[in-house]
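Remarks on the overall topology
Below are the chains, spelled out letter by letter.
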Amino acid sequence: MIVIKTPDEIEAMRPTCRLAAQVLRMIAPHIQPGVTTQQLNDICHDYITAAGAYPSPLNYRGFPKSICTSINHQVCHGIPSERVLREGDIINVDITTYMNGYHGDTSHTFHVGKPTPKGDKIVQVAKECLDAGIRAVRPFGRLGDIGAAIEAHARKNRCSVVREYCGHGIGKSFHEDPAVLHYGRAGEGEILRPGMVFTVEPMINLGGPDIKHMPDKWTVVTKDHSLSAQFEHTLAITPHGIDVLTDLDGEYAAG
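First things first, this report covers the structure right here in the doc. Just so it is clear, the model here is predicted, and its values are computed rather than measured.

**Quick look at the packing of aromatic side chains**
Enumeration according to the criterion identifies two aromatic pairs in this entry. Their ring planes at 50° and their centres at 4.8 Å tell us that Tyr60 and Phe174 sit as a pair that is tilted. Taken as a pair, Tyr60 in the loop between β1 (54-55) and β2 (68-71) and Phe174 in the loop between β7 (167-169) and β8 (176-180) lie far apart in primary sequence, 114 residues in all. For Tyr60, a relative accessible area of 25% corresponds to the partly exposed category. Geometry around Tyr183 places Arg163 over its ring, the cationic atom sitting 4.0 Å from the centre.

**Some remarks on the sheet that holds strand β12 (residues 220-222)**
With antiparallel pairing, the three strands of this open sheet are ordered in space as β3-β12-β11. Two strands bound the open sheet, and with one partner strand each, they are β3 (74-76) and β11 (211-213). With strand direction ignored, the average angle separating the axes of adjacent strands in the sheet is 40°. Of the pairings in the sheet, the one linking β11 to β12 comprises three bridges and is antiparallel in character. Following the sheet pairing, His213 is matched in β12 by Val220.

**Quick notes on the side chain of His73**
Tracing the chain through its elements places His73 in the loop between β2 and β3. Setting aside its immediate chain neighbours within four residues, His73 contacts Val220, Val221, Thr222, His225, Ser226, Leu227 and Ser228.

**Topic: the sheet that holds strand β6 (residues 160-161)**
Taking strand neighbours across the sheet as the criterion, the three strands line up as β6-β10-β13 in an open arrangement whose pairing is antiparallel. Of all the strands in the sheet, just β6 and β13 (228-230) have a single pairing partner and so form its edges. Two strands pair when backbone bridges link them, and β6 and strand β10 (residues 203-205) are joined in this way by two bridges, in the antiparallel orientation. From the neighbouring strand, Ser160 faces β10, where its bridge partner is Asn205.

**What about the pattern of salt bridges?**
One pass over the full model with this rule turns up ten salt bridges. Between Asp249 and Arg25 there is a salt bridge; the shortest N-O distance is 2.3 Å. With Asp249 in the segment after β15 (242-244) and Arg25 in helix α1 (residues 7-27), this pair connects stretches of sequence that are 224 residues apart. Of the charged contacts, one joins Glu151 and Arg155 as a salt bridge, the two residues approaching to 3.3 Å between their closest N and O atoms. With Glu151 and Arg155 both in helix α4 (residues 143-156) and four residues apart, this pair spans about one turn of that helix. We classify Glu151 as buried; its relative accessible area is 11%. By relative accessible area, which is 58% here, Arg155 ends up exposed. One salt-bridge network, in which partners are shared between bridges, spans Glu11, Arg14 and Asp243.

**A few points about the nonpolar core**
If you look at the biggest cluster of nonpolar residues, it comprises 31 residues, and the most contacted ones within it are Ile122, Ile146, Phe198 and Ile204. Those elements that place two or more of their residues in this core are α3 (117-135), α4, β9 (197-200), β14 (233-237) and β15. Considering every element that reaches this core, the biggest residue donor is α3, with seven residues. Other than its neighbours up to four places away in sequence, Ile204 contacts Ile122, Val125, Ala126, Cys129, Ile150, Ala154, Cys159, Ser160, Val161, Leu227, Ser228 and Ala229. Among the nonpolar cores identified, the runner-up in size contains 21 residues, and Val23, Leu24, Val35 and Ile48 belong to it.

**Focus: the state of the cysteines**
Across all of its chains, the model carries zero disulfides by this definition. Cys68 supplies the cysteine sulfur nearest to Cys44, a cysteine that is in no disulfide, at a spacing of 11 Å.

**Details of α1**
Taking 1.5 Å per residue as the helical rise, α1 with its 21 residues ought to reach 30 Å, and the 31 Å between its terminal C-alpha atoms agrees with that figure. Among the residues of α1, those classed as buried are Ile10, Met13, Thr16, Cys17, Leu19, Ala20, Ala21, Val23, Leu24, Met26 and Ile27.

Cut-offs and rules
- Residues numbered from 1 in each chain as written.
- Predicted model: local features only at pLDDT ≥ 70, side-chain atom pairs only at ≥ 80, totals over all residues.
- Heavy atoms only, no water.
- Phe/Tyr/Trp six-rings, centres within 6.5 Å; stacked < 30°, edge-to-face > 60°.
- Helix = DSSP H or I, 4+ residues; strand = E, 2+ residues; numbered from the N terminus.
- Buried < 20%, exposed > 50% of the residue type's maximum accessible area, 1.4 Å probe, protein only.
- Lys NZ or Arg CZ within 6 Å of the ring centre and 35° of its normal.
- Pairing = 2+ DSSP bridges.
- Axes fitted to C-alpha atoms, helices over the stretch in contact; angles between N-to-C directions.
- Contact = heavy atoms within 4.5 Å.
- Salt bridge = Lys/Arg side-chain N within 4 Å of Asp/Glu carboxyl O.
- Core = buried A, V, L, I, M, F, W, Y, C linked by side-chain atoms within 4.5 Å.
- Disulfide = S-S within 2.5 Å.
- Expected span 1.5 Å × (residues − 1).

Next up, the structure:
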């Protein structure tokens with residue numbers, strides 16, 4: 001069942017969404033060659049808890065860390081460890097915070113040091129896919145509009161969309177309905193009603209779309225070892241447009 005939030009409930013979600021975005025902004029300067037993903041985890045954990053919040057991934061269905069760190073061909077759910085970041089890596093940092101009874105979810109793929117040509121391309125295309133998906137969201141549109149826009153942009157740039165993972169409703173629960181697919185047909189799917197709050201988080205591969213799980217049962221990688229990048233925002237549908245709750249910079253006009 002899709003939970004339709006009242007305007008007051010959406011306002012109550014704003015602080016946790018803003019905090020999640022602030023964590024990404026805070027951690028960005030720490031993403032350097034020689035830093036371990038465990039160090040990134042610890043810095044984010046301390047920042048989140050100091051703000052009076054809880055890192056939603058920690059112990060969620062057994063996940064052992066406070067953030068997800070997915071490097072290069074890792075698609076999602078990478079577990080922070082003693083792995084050292086190297087010049088030319090790309091890394092997605094996925095942050096979800098729980099504060100005042102609500103979750104906020106966002107992610108960003110960063111370059112480590114100087115970008116490589118392949119890294120530069122997939123990060124750019126993934127961000128453009130997120131933008132295309134968000135631009136497709138409108139009151140009383142359809143869920144399929146989002147996936148169609150994302151898939152079209154990925155294909156235009158000879159990249160592929162991971163189909164096994166999707167965006168999701170969010171609020172008092174980490175994951176709610178609806179499932180927000182990053183592929184599909186425009187004009188199909190659930191009607192987008194004011195009060196819906198969900199994530200758009202396309203995972204875009206430089207090669208093929210096929211994935212596999214690593215033995216840790218969490219980390220997902222591309223089968224062909226091609227690079228993968230992801231960007232994510234949490235947004236609310238309003239009567240007149242959208243409100244991207246994890247946008248600190250006013251990149252997406254609220255309506």
